[in-house]
Amino acid sequence: MAFAEVHSRVSKGHGQHNFQSLQGHENLLVKYTQQKISKVCWRPNSKGYSSHENIFATGTWDEPQNVVNIWNLEKGRTYQEGKESALNEPQLVTSIPHQGGITDMKFIDDEKLLASSSNGSLQLMRYSRSRQDLQSVFKWKNIHHVSSKAYPCTGFAVNMPNVITVGEDSRINILKIDVQAPIATIEDSVSGCSINAVTCEGMTEFITVDSMGRLKVWDLRQPDVKPAKIMVLSGEQISLQCIEQHPNQPHVAITGSHDGSIIIWDLRQDRYPAVILKAHLSTVWEVKFHRHFPNNLFTCSDDGTIWHWDGSLITSTTLPTSIRNFSDTESMTNTNPWLISDVIRNKIKITSLAPHNKLPINSCDIINQDLICGTDGEAIVIAQDLLLK
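All of these numbers come straight from a predicted model, not from anything done at the bench. Just so you know, the residues in each chain are numbered from 1, in the order the chain's sequence is written. Only residues with pLDDT of at least 70 get local features here, since the model is predicted, and only at 80 or more are side-chain atom pairs given and counted; chain-wide, interface and lining totals rely on the full set of residues. Neither water nor hydrogens contribute to the side-chain values; these are computed over all heavy atoms in the structure.

Undergrad: Now, about the overall build of the protein: what can you tell me, with residues and values included?
TA: Numbering of helices and strands runs from the N terminus; a helix is a DSSP stretch of H or I covering at least four residues, while a strand is a stretch of E covering at least two. The helix and strand tally for the protein stands at three helices and 34 strands. Each residue gets one of three labels from its accessible area relative to the maximum for its type: buried under 20%, exposed over 50%, partly exposed in between, using a 1.4 Å probe on protein chains only. Among the 389 residues that make up the protein, the fraction classed as buried is 56%. Residue contacts follow a heavy-atom distance rule, with two residues in contact if any of their heavy atoms lie within 4.5 Å. Of all intrachain contacts in the protein linking residues separated by at least 6 positions in sequence, the fraction that spans at least 24 positions is 52%. Per element, the accessible surface of the protein, about 17500 Å² overall, is 48% carbon and sulfur. For the area figures, the Shrake-Rupley method with a 1.4 Å probe applies, and any residue is considered shielded solely by the protein chains shown.

Undergrad: Describe in detail the sheet that holds strand 3 (residues 28-32), supporting the description with residues and values.
TA: Whether two strands pair depends on DSSP finding at least two bridges between them. One open sheet accounts for four strands, arranged 3-34-33-32; its pairing is antiparallel. Each of the sheet's edge strands pairs with one partner strand only, and the pair in question is strand 3 and strand 32 (361-367). Sheet twist, expressed as the average angle between the axes of neighbouring strands with direction ignored, equals 15 degrees. Looking at chain direction, strand 3 and strand 34 (residues 379-383) are connected through five bridges and run antiparallel. Residue pairing across strands places Tyr32 opposite Ala379, the latter belonging to strand 34. Axis definition: a line fitted to C-alpha atoms, limited for helices to the stretch in contact. Angles are taken between N-to-C directions and run from 0 to 180 degrees.

Undergrad: Before we move on, can you summarise the sheet that holds strand 18 (residues 171-176) with the specific residues and values?
TA: Read across the sheet, four strands follow the order 16-17-18-19 without closing on themselves; strand pairing throughout is antiparallel. Single-partner strands in this sheet number two, and they are strand 16 (153-159) and strand 19 (184-187). On average, adjacent strands in this sheet sit at an angle of 15 degrees to one another, irrespective of strand direction.

Undergrad: Could you give me a rundown of the nonpolar core, with the residues and numbers involved?
TA: If you look at the biggest cluster of nonpolar residues, it comprises 22 residues, and the most contacted ones within it are Ile254, Ile262, Ile264, Leu277, Trp309, Trp338 and Ile344. Of all elements in the fold, only strand 25 (252-257), strand 26 (261-266), strand 27 (275-278), strand 28 (284-289), strand 30 (306-310) and helix 3 (341-347) reach the threshold of two or more residues within this core. For this core, the element with the most residues is strand 28, which contributes three residues. Grouped together as the second largest cluster of nonpolar side chains are 15 residues, Ala197, Leu215, Trp265 and Ile276 included. To form a nonpolar core, buried Ala, Val, Leu, Ile, Met, Phe, Trp, Tyr and Cys residues must be joined to one another through side-chain atoms within 4.5 Å.

Undergrad: Describe the pattern of salt bridges, naming the residues involved and giving the relevant values.
TA: Salt bridges are defined by distance alone: a side-chain nitrogen of Lys or Arg within 4 Å of a carboxyl oxygen of Asp or Glu. Under the counting rule described, the total for this entry stands at 15 salt bridges. When the shortest N-O distance is used, the salt bridge between Asp219 and Arg221 registers 3.0 Å. A residue is classified by how much of its surface remains accessible, and Asp219, at 12% relative accessible area, is buried. Overall, the relative accessible area of 59% leaves Arg221 in the exposed class. Bridged by salt links that share partners, the residues Lys75, Asp370 and Asp385 form one connected network.

Next comes the structure, spelled out in C-alpha cells:
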C-alpha cells in the first residue's frame, strides 16, 4: 500500500506543473436554482451518449419540498446585435415532488430514472420526451428501516432487471423492477454501521463500502449471506462514502473517504488498498471515471472543489522501469496506472474546475465533454467542452 500527498503538495507549491485551475474558463457556467442540489445525472440515449437535447436531472435535499427536476441544455452562446454573449443556460423542462432528500439518482435508460430517498424508499420515474413530463411509475417504500423507524437509503446499483439498494440500517436489498417486495434481503448486522454506496461487478457480484472503512465484495451465487471478500483500510476507521470502478478494468475500484482521501483498490488483492491519496480537504462525495475516456477521473468534495484528474500523459514508456520489465506471463494491460503511486504523483495532471466555489459540491456526472455538478450553494455548475484524451 502506498501513500501520495496531492493537496498538500499543491498548496506548498511543489509539483505545480501537475495542478491548475480553470480560473476564468470561458466554458464554465453557473446556474442558480434556489435549491440545494444533492444529485445530478445526465440522461443517456441508447448508445450511451448524451441526447441531442442534452437532458440531465437534478435532485434536491434539505428543502421544505424536495423535487426531481429535468433540465435541457442547448449548448452554445446567445448572440445579440452581432455580438457574442453568455453561454446558454439550462432550461427547466419539468419537475416532480419527492418525499425526502434525494440520496442517489441514475437514469437506467433514456426514459427511466431511479432515485433513492432519505426516508428509506426508492422511486422509479419515467421521463417522456414527447410530453416533456416526469411521472412516478413505481415506489418501494420503507425498504430501509430499523423496527418501525425509517433509515436513509444511501445508494443503489442497477444490474437489470435487478436493483441493489444499501442504507444506514446496514441492510442490502435485492429488488426486481415492478416487484413490490425485495426478492432478497441481506442484513449486515455484524458491522452494525451505515453502508454508504454500492456498485455492481458483473452479473452476480456487487461491491459495498461502509462507514468503518471496509470494501466488501458479495457474490449472489453463494448460498450464505457472507461477503466473498473484505478489504480494509489499515489504521484508523475512516468512512468510505462512494465507489466507482474503472470502465475497462473493473478490478480497479476508486473510493472517496470522509477525510478527503481518494483510495484506489486492486480487487485481485486480498486485504488492503493499493494507493491512498491525501487529496481533498473534506469528504469526497462522488468519484466518476469518464466512460469512454477512462484516463480521466472526476472527484467532488464537501470542501467545495471539483477536480479533473488527467492521466492521458501516461504511456507504457512513462511507467517505472520496474513495472515495464514484466515477465512474459504478465501482460502490461493488466497494470493499470491508477494502481501505481509514483505515476499518480508525477504523471497525472489535476485541474480544479470550479476554483471560486466555496460551498460543498455534492455530486458530479460527465458525458461526452460536459461535466455537471450539484452544490449546496443552490447552483448547478457546468463545465463544457473539456479537453479529454
